[in-house]
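Residues per chain, in single letters:
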Amino acid sequence: MCGAEYPAGPRAPMTCPRCGITGILDVQYDYRAVARRLTRRALARRTDFSEWRYRELLPLGARAHLPALAVGWSPLEPAPALARHLGLGSLLLKDDGRNPSASLKDRASAVGAVKALEARKHTIACASTGNAASSLACMAASLGLQAIIFVPERAPEPKLAQLLTFGATVLRVRGSYDQTWDICQRSCERWGWYNRNAAVNPFLVEGKKTVSLEICEQAEWRLPEWVAVSVGDGCTIAGTWKGFREMRTLGLIRRAPKLLGVQAAGAAPVTEAFRSGAALRPVEPHTMADSIAVGVPRNWKKAVDAVRESGGTMLNVGDDEIQEAMRVTGRLAGVFAEPAAAAAVAGLARAAREGVIPRRAATLAVITGNGLKDTRAALDAAPKPMDIPPDLAAVEAALAP
Ligand SMILES: *Cc1c(COP(=O)(O)O)cnc(C)c1O
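Notes on the structure follow.

What counts and how
- Here the residue numbering is sequential within each chain, running from 1 through the sequence in written order.
- With the structure being a predicted model, the display of local features is reserved for residues of pLDDT at least 70 and the display and counting of side-chain atom pairs for 80 or more, all residues being used for whole-chain, interface and lining totals.
- Excluding hydrogens and water, the side-chain values take into account all heavy atoms of the structure.
- Summary of the distance rule: residues count as near a molecule or strand when at least one heavy atom falls within 4 Å of that molecule or strand.
- Polar contact criterion, stated in full: a pair of N or O atoms within 3.5 Å, where within protein one must be able to donate a hydrogen and the other to accept it, and residues adjacent in sequence count only if both atoms are side-chain atoms.
- Accessible surface is estimated by sampling points in the Shrake-Rupley manner with a 1.4 Å probe; for residues, cover comes only from the protein chains shown.
- Three classes are used, and their members are as follows: Ala, Val, Leu, Ile, Met, Phe, Trp, Tyr, Cys and Pro are nonpolar, Asp, Glu, Lys and Arg are charged, and the others, Gly among them, are polar.
- Geometry of aromatic contacts follows a simple scheme: Phe, Tyr and Trp rings, the Trp one being its six-membered ring, pair when their centres are within 6.5 Å, and the pair is stacked under 30 degrees between planes, edge-to-face over 60, tilted otherwise.
- Accessible area is worked out with a 1.4 Å probe on protein chains only. A residue is then buried under 20% of its type maximum, exposed over 50%, and partly exposed in between.
- Two strands pair if DSSP finds at least two bridges between them.
- A helix here means a DSSP run of H or I that spans at least four residues, while a strand means a run of E at least two residues long, and both kinds are numbered starting from the N terminus.
- Counted as salt bridges are all cases of a side-chain nitrogen of Lys or Arg within 4 Å of a carboxyl oxygen of Asp or Glu.

1. Section: the site of the ligand
Then step 1. The environment of the ligand is made up of 16 residues, and the closest members are Lys 105, Asn 131, Gly 234, Thr 236 and Thr 368.
Then step 2. Take Cys 235: an N or O atom from its main chain is 3.2 Å from an oxygen atom of the ligand.
Then step 3. The side chain of Thr 368 places a nitrogen or oxygen atom 2.7 Å from a nitrogen atom of the ligand.
Then step 4. For the ligand, whose free accessible area comes to 370 Å², the fraction covered by protein is 96%.
Then step 5. Its residues assigned to classes, the shell around the ligand comprises four nonpolar, eight polar and four charged.

Written out as structure tokens, the structure is:
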């Protein structure tokens, strides 16, 4: 990071011209001015229950055209039975699977699509294994933009079904995710499309941070000690931290929670960089949690810095632990999480077991995506139905202990 600053506005660069493509910019606000308007009392009076509620902390012009869909303000629900099962003092689930396209990515895509309109672009593109794409297609549909989506071959079918239903132009690339990312980047440069890639676009993290702004308000300013977030590219956890940090800067909270960054054991280059303190070493990802199967994360540094600054830590969970977390989150809390979302719960389970977080800690897991996003993974993880003939004796036999 070179520390250079650029004024905001439609002509602002996306990445730092001095640092090149890896120089992701960081949006700053006039926090003194924001603090005068964004008080606890002022917030309590607001009737906009969506991420636009925090307008002063979003990079939008005064006349920004917003999607009609309700993005954000997902429920924050206590899960006492699941907390007991995992040995936690308390557990809140921030269920972001209940966004318009059923993942937390909607928070970012909504801001991206609004910024595209502001820049007078009518085509917006991204490369994604699924959720970034389905959420972008959804927001583009809501705002009348054309979405062009580059997907790698292995995207789960339900996510593809969403894209196609939302009317996006879908280009399925015969190649890895990284090749898919690359061809999208080059296409945006060539045809001047607006780029919704968290690796280059500084505004997406601004949308993602609203998850924490909401948590502060919904928890009535009494925050848990630990917040678990799964990590793929790293943008989500960086955004989660930016939200808490800004709430602290504004004097709305005194202490921010510690972050528990959770990666899948088969795709854990960010944890590795966090532990070694060295630069990221790309890996070949192997995990059923497709949304966090990122071999070359582009926001890894922001993620590592966020976790460190929060006083938290990172750990990895195996696919078997993710499957177990899917089952218990479903059975004990009634929340259906896709594998990457259940990874956060699996991370808390492991952290409690290994004493990484104190027993009886007050915790929160961000459920980043809905289980219907990947029904094959859910069916693999879930118990099997019992096949019976249509008679009572068979029912009795099946239900016998
Ligand atoms: C994208 C995503 C993540 C991880 O976010 P990153 O910004 O890639 O770290 C976690 N869970 C779900 C469901 C996602 O879609």
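2. Quick notes on the packing of aromatic side chains
Then step 1. As enumerated under the stated definition, the model contains three aromatic pairs in all.
Then step 2. Both rings, one in Tyr 29 and one in Tyr 31, keep their centres 6.1 Å apart while their planes meet at 65°; by these two values the pair is edge-to-face. When sorted by exposure, Tyr 29 lands in the same class as Tyr 31, which is buried.
Then step 3. On the numbers, 5.5 Å between centres and 20° between planes, the contact of Trp 191 with Trp 193 is stacked.

3. A few points about the sheet that holds strand β4 (residues 146-152)
Then step 1. If you walk across this open sheet you meet the four strands as β5-β4-β3-β6, and the pairing is parallel. The sheet is open, and its two borders are formed by β5 (169-173) and β6 (194-195), each paired with just one other strand.
Then step 2. Where strand β3 (residues 123-127) and β4 come together, five bridges link them in parallel fashion. Paired with Ile 124 across the strands is Ala 147, a residue of β4.

4. With respect to the pattern of salt bridges
Then step 1. One pass over the structure, following the stated rule, counts 22 salt bridges.
Then step 2. Glu 77 serves as the salt-bridge partner of Arg 98, at 3.1 Å between the closest nitrogen and oxygen. Of this pair, Arg 98 sits in the loop between β2 (90-95) and α4 (105-118) while Glu 77 sits in strand β1 (residues 76-78); the two residues are 21 residues apart in sequence, bridging distant segments of the chain.
Then step 3. Judged by relative accessible area, Glu 77 falls into the partly exposed class, the value being 24%.
Then step 4. Residue Arg 222 is joined to Glu 220 by a salt bridge in which the shortest nitrogen-to-oxygen separation is 3.4 Å. Of the two residues examined, Arg 222 and Glu 220, each falls in the exposed class.
Then step 5. Salt bridges linked by common partners bring Lys 94, Asp 96, Arg 107 and Glu 214 together as one network.

Limitation: the analysis is restricted to geometry and does not speak to function.
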